[in-house]
Amino acid sequence: MIKQLILPLMLLASSPVTMAQEAPIDEMFRVMSMDKQLTGGFEAMLPIVDQITMQNKLDENAKEELKSIFRSWFEQDLEHEKMLNDLKALYIQVFSNSEIREITQFYQSPVGKKFLDNSAFLMQKGAQIGMQEAQSKQFLLMERVKPFLDRHKTDN
C-alpha cells in the first residue's frame, strides 16, 4: 500500500505548478496592485492637461472637460488587460522567478507597502520636476537644435 502511494506523491511533487498555485509574476502583480499602479501612472501624466490648458488659454471648466476626455480615453479605449499582460512579459524577460519572489517580498514589507501607496504621487511630482527643469532650460536645447535644423533644411 505504501509503495502505491509513494509513486503518485513523487509525481505530484515533481510536477509543474498546479492550477491552485499562483505564478510568481501573477502574485507580484497582485501584491503590487498593478492595475492601480497603471491608474497612478495615468494620473501622473495628467499635468499635461495643465500645459494644454495654458497653451490654449482654456478656462477652468474647459480644463476639467479636457481631463474628463483624457480619463474616458484611459478607462474606455486603452486595453488594461493587454497592458498588464505585456508588462508581465517584460518583467519575466528581465527578472527570474526567484528575483520576482524577492521583489514580491519587498512589496509585502512595510517599506514596500509605503512605496506602493506613494508611487503615483512620486511619479506625478517627479514628472513635474522634470518638466519644470526641461522648460527652464528649453532655450539651451533650442540653441543646440537650431544649427542641426539649419544644416538639414531643404528648400520646398
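Residues numbered from 1 in each chain as written. Predicted model: local features only at pLDDT ≥ 70, side-chain atom pairs only at ≥ 80, totals over all residues. Heavy atoms only, no water.

### Some details on the side chain of Thr53
Stage number 1. Relative to the helices and strands, Thr53 is located in helix H4 (residues 47-55).
Stage number 2. Leaving out residues up to four positions away in the same chain, Thr53 has contacts with Leu58 and Lys63. (Helix = DSSP H or I, 4+ residues; strand = E, 2+ residues; numbered from the N terminus. Contact = heavy atoms within 4.5 Å.)

### Some remarks on a nonpolar patch on the surface
Stage number 1. On the surface, Phe106, Val111, Phe115, Phe121 and Leu122 cluster together into a nonpolar patch covering about 490 Å² of accessible area.
Stage number 2. Broken down by element, the residue count for the nonpolar patch peaks at 4 residues, all from helix H8 (residues 110-136).
Stage number 3. Mapped onto the elements of the fold, Phe106 is located in helix H7 (residues 97-108). (Patch = residues over 30% accessible without salt bridge, like charges linked within 9 Å, V, L, I, M, F, W, Y side chains within 5 Å. Areas by Shrake-Rupley, 256 points an atom, 1.4 Å probe, with all protein chains shown as cover. Salt bridge = Lys/Arg side-chain N within 4 Å of Asp/Glu carboxyl O.)

### Observations concerning the packing of helix H3 (residues 34-45) against helix H6 (residues 80-94)
Think of two packed helices as two axes; the pair is described by the angle between the axes and how far apart they sit.
Stage number 1. Between H3 and H6, the least distance of the axes is 11 Å, while the angle of their chain directions is 105°. The pairing of H3 with H6 is recorded here as roughly perpendicular in orientation. From H3, Met34, Asp35 and Leu38 reach across to H6, where they touch His80, Met83, Leu84, Leu87 and Tyr91.
Stage number 2. Grouping the constituent residues of the contact of H3 with H6 by class yields 6 nonpolar, 1 polar and 1 charged. (Axes fitted to C-alpha atoms, helices over the stretch in contact; angles between N-to-C directions. Parallel < 35°, antiparallel > 145°, perpendicular 65-115°, else oblique. Nonpolar A, V, L, I, M, F, W, Y, C, P; charged D, E, K, R; others polar.)

### A short note on the pattern of salt bridges
Stage number 1. Applying the stated criterion across every chain yields a total of 6 salt bridges.
Stage number 2. Between Lys88 and Asp26 there is a salt bridge, and its shortest N-O distance comes to 2.6 Å. Of this pair, Lys88 sits in helix H6 while Asp26 sits in helix H2 (residues 24-32); the two residues are 62 residues apart in sequence, bridging distant segments of the chain.
Stage number 3. Look at Asp26 and you get partly exposed, because its relative accessible area is 30%. (Buried < 20%, exposed > 50% of the residue type's maximum accessible area, 1.4 Å probe, protein only.)

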